[in-house]
Amino acid sequence: MKGIVFTEFLEMVESKFGLETVDNIIESSNLPSEGIYTSVGTYDFNEMVSLITQLSEQVKLPAGDLIYTFGLYLFTSLGKAHPEVIQSYTSPLSLLYSIEDHIHVHVKKLYPDAELPTFKILEKTDTSISLIYSSSRGLYRLAHGLMEKTFEHFNGEADISYQLLKDDGTEVKFDIVQHG
């Protein structure tokens, strides 16, 4: 997993729960990297699992909720780091339509060894999209947070629902209906 995800995660933890919590979760996670990340490095996904698990235990919030919150946070961070990716879109749905064919292509140029989820569009209209999220990592709540923030970024609103197609969250169907 790319280091930028780790560095942004730890920044979110610090901003929401304080530096002491960051130190505590790193210390109690027993990480091969010792919690030292660079944005361009690549680290074992299990380190992220450990950090999220420790955070969940320490702040007494479900891991899924923390992952979703991180998705909201990550959209803003990535938007600041790579504004050119978002600037080429005029609406949240146009951005979501282009995740696979444009945005992930751009991400791969920046981070060639990034392992990204796939998004297969099942159907789309002017006000809705249905797609399948697939990832061996099962971070669909992160994707959900990113989607929510996409609408917020464009001052739009949507109902986003999801259905696990596989119990472990590695395959999830999202239905998104824009309103307003």
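Everything quoted here is computed from the prediction, not taken from an experiment.

A. Region of interest: unusual backbone geometry. The residue Asn30 is not glycine, and still its phi comes out positive at about 55 degrees. Mapped onto the secondary structure, Asn30 falls in the loop between α2 (19-29) and α3 (45-59). The exposed category is assigned to Asn30, whose relative accessible area is 69%. Here the phi dihedral of Glu34 falls at roughly 60 degrees; this positive angle occurs in a residue that is not glycine. Within the element layout of this structure, Glu34 appears in the loop between α2 and α3.

B. Representation of the pattern of salt bridges. The final tally for this structure, using the stated rule, is 6 salt bridges. As a salt-bridge pair, Glu171 and Lys166 come within 3.8 Å of each other at their nearest N and O atoms. With its nearest N and O atoms 3.2 Å apart, the salt bridge here joins Lys173 to Asp175.

C. Just the sheet that holds strand β2 (residues 128-134), in detail. With antiparallel pairing, the 4 strands of this open sheet are ordered in space as β1-β2-β4-β3. Both edges of this open sheet fall to β1 (118-124) and β3 (157-164), since each of them pairs with a single strand only. Shown here is a sheet whose adjacent strand axes are inclined to one another by a mean of 20 degrees, direction ignored. Sheet analysis places β2 next to strand β4 (residues 171-179), joined by 7 bridges and oriented antiparallel. Directly across from Ser130, in β4, lies its bridge partner Asp175. Taken strand by strand, helix α8 (residues 140-153) contacts β1, β2, β3 and β4, and its axis lies near 165 degrees from that of β3.

D. Quick peek at the packing of helix α4 (residues 63-81) against α8. For the pair α4 and α8, the least separation of the axes is 7 Å and the interaxial angle reads 40 degrees. Considering their axes alone, α4 and α8 lie oblique with respect to each other. Judged by the twist between their axes, the crossing of α4 over α8 is right-handed. Residue-level contacts link Gly64, Asp65, Ile67, Tyr68, Phe70, Gly71, Leu72, Leu74, Phe75 and Thr76 of α4 to Arg141, Leu142, His144, Gly145, Leu146, Glu148, Lys149, Thr150 and His153 of α8. Partitioned by chemical class, the residues of the contact of α4 with α8 number 8 nonpolar, 7 polar and 4 charged.

Thresholds, definitions, all that
Residues numbered from 1 in each chain as written. Predicted model: local features only at pLDDT ≥ 70, side-chain atom pairs only at ≥ 80, totals over all residues. Heavy atoms only, no water. Helix = DSSP H or I, 4+ residues; strand = E, 2+ residues; numbered from the N terminus. Buried < 20%, exposed > 50% of the residue type's maximum accessible area, 1.4 Å probe, protein only. Salt bridge = Lys/Arg side-chain N within 4 Å of Asp/Glu carboxyl O. Pairing = 2+ DSSP bridges. Axes fitted to C-alpha atoms, helices over the stretch in contact; angles between N-to-C directions. Contact = heavy atoms within 4.5 Å. Parallel < 35°, antiparallel > 145°, perpendicular 65-115°, else oblique. Left-handed = near helix turned anticlockwise from the far one by under 90°. Nonpolar A, V, L, I, M, F, W, Y, C, P; charged D, E, K, R; others polar.

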